[in-house]
Amino acid sequence: MRIGVLSDTHDRLPTFRRAVAMFQQLKVDAIFHAGDYVAPFAAKLIAPGAPGMAKLPTYCIYGNNDGERAGLKTILPNLVDGPLRVTLQTPHGPRVIAMHHFVDWFKPADLVGADVVISGHNHTPSVERRRNGSREALFLNPGECCGWVTDRCTVGLLDLSAVTPEAQIVEVHD
């Protein structure tokens, strides 16, 4: 099971479109967006009914720059305040994914049992394994899809088909 992970799209449609097209080409099984769409027109790219999105589960949370919350919620009905906790069935059993816009906003209880922790906010891509209570979890920040701060459009590819979840940061080009 492969998951496309993005954050901080900040209304920049060209990079957001390229990221979504790449996820569709790779035939990911779901998309996780860790917030900061900014306006509803940008969120339409991953809305139910958008081209290529009809059967693709999308998990979404608000970021700190999502001011037009009511409009975003109209476009993305499953959009919620973080933290979001999702359990996905994989060949190696259930995997728990916890997502919040900023990793520092998680409370310790939010992370209990999480196999993967997704965040964004600081526009810095990273993949690292950290202790999470009595176990190890994969912490993934896909960086910024918008490319405004770093001049790089980056996303994450999360692979849940391995015995231990794995992820990589991918730079999305023209």
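Residues numbered from 1 in each chain as written. Predicted model: local features only at pLDDT ≥ 70, side-chain atom pairs only at ≥ 80, totals over all residues. Heavy atoms only, no water.

Participant: Run through the overall build of the chain, naming residues and quoting values.
Facilitator: What the chain contains, in helices and strands, is four helices and ten strands. Overall, the chain shows an N-to-C arrangement of helices and strands of β-α-β-α-β-α-β-β-α-β-β-β-β-β. Projecting the C-alpha coordinates of the chain onto the three principal axes gives extents of approximately 40 × 30 × 30 Å. Buried positions account for 53% of the 174 residues belonging to the chain. When contacts within the chain are restricted to residue pairs at least 6 apart in sequence, long-range pairs at least 24 apart make up 58% of them. Total accessible area on the chain stands at roughly 7900 Å², and carbon and sulfur atoms take up 53% of it. Side-chain charges of the chain comprise 17 positive and 18 negative groups, with the mean position of each set lying 6 Å from the other. (Helix = DSSP H or I, 4+ residues; strand = E, 2+ residues; numbered from the N terminus. Buried < 20%, exposed > 50% of the residue type's maximum accessible area, 1.4 Å probe, protein only. Contact = heavy atoms within 4.5 Å. Areas by Shrake-Rupley, 256 points an atom, 1.4 Å probe, with all protein chains shown as cover. Lys, Arg positive; Asp, Glu negative; His and termini not counted. Charge placed at Lys NZ, Arg CZ, Asp CG, Glu CD.)

Participant: Any details on the packing of aromatic side chains? Residues and values, ideally.
Facilitator: Per the stated rule, a full pass over the model turns up two aromatic pairs. Look at Phe102 and Trp105: their rings are 5.8 Å apart centre to centre, the planes differ by 90 degrees, and that puts the pair in the edge-to-face class. The exposure class of Phe102 is buried, given its relative accessible area of 18%. Over the aromatic face of Tyr62 sits the side chain of Arg69, whose NZ or CZ is 3.8 Å from the ring centroid. Directly above the ring of Phe139 sits Arg130, whose terminal nitrogen or CZ lies 4.3 Å from the centroid. (Phe/Tyr/Trp six-rings, centres within 6.5 Å; stacked < 30°, edge-to-face > 60°. Lys NZ or Arg CZ within 6 Å of the ring centre and 35° of its normal.)

Participant: Residue-level account of helix H1 (residues 13-25), with values.
Facilitator: Between the first and last C-alpha of H1 there are 18 Å, a value that for 13 residues agrees with the 18 Å anticipated at 1.5 Å per step. By the burial criterion, the buried members of H1 are Leu13, Thr15, Phe16, Ala19, Val20, Met22 and Phe23. Buried residues belonging to H1 abut strand S1 (2-6), strand S2 (30-33), helix H2 (40-43), strand S9 (154-159) and strand S10 (166-171). Positioned one or two residues after H1, Lys27 has a phi angle of 55 degrees, which is positive. (Expected span 1.5 Å × (residues − 1).)

Treat this as a map of the structure, not an account of what it does.
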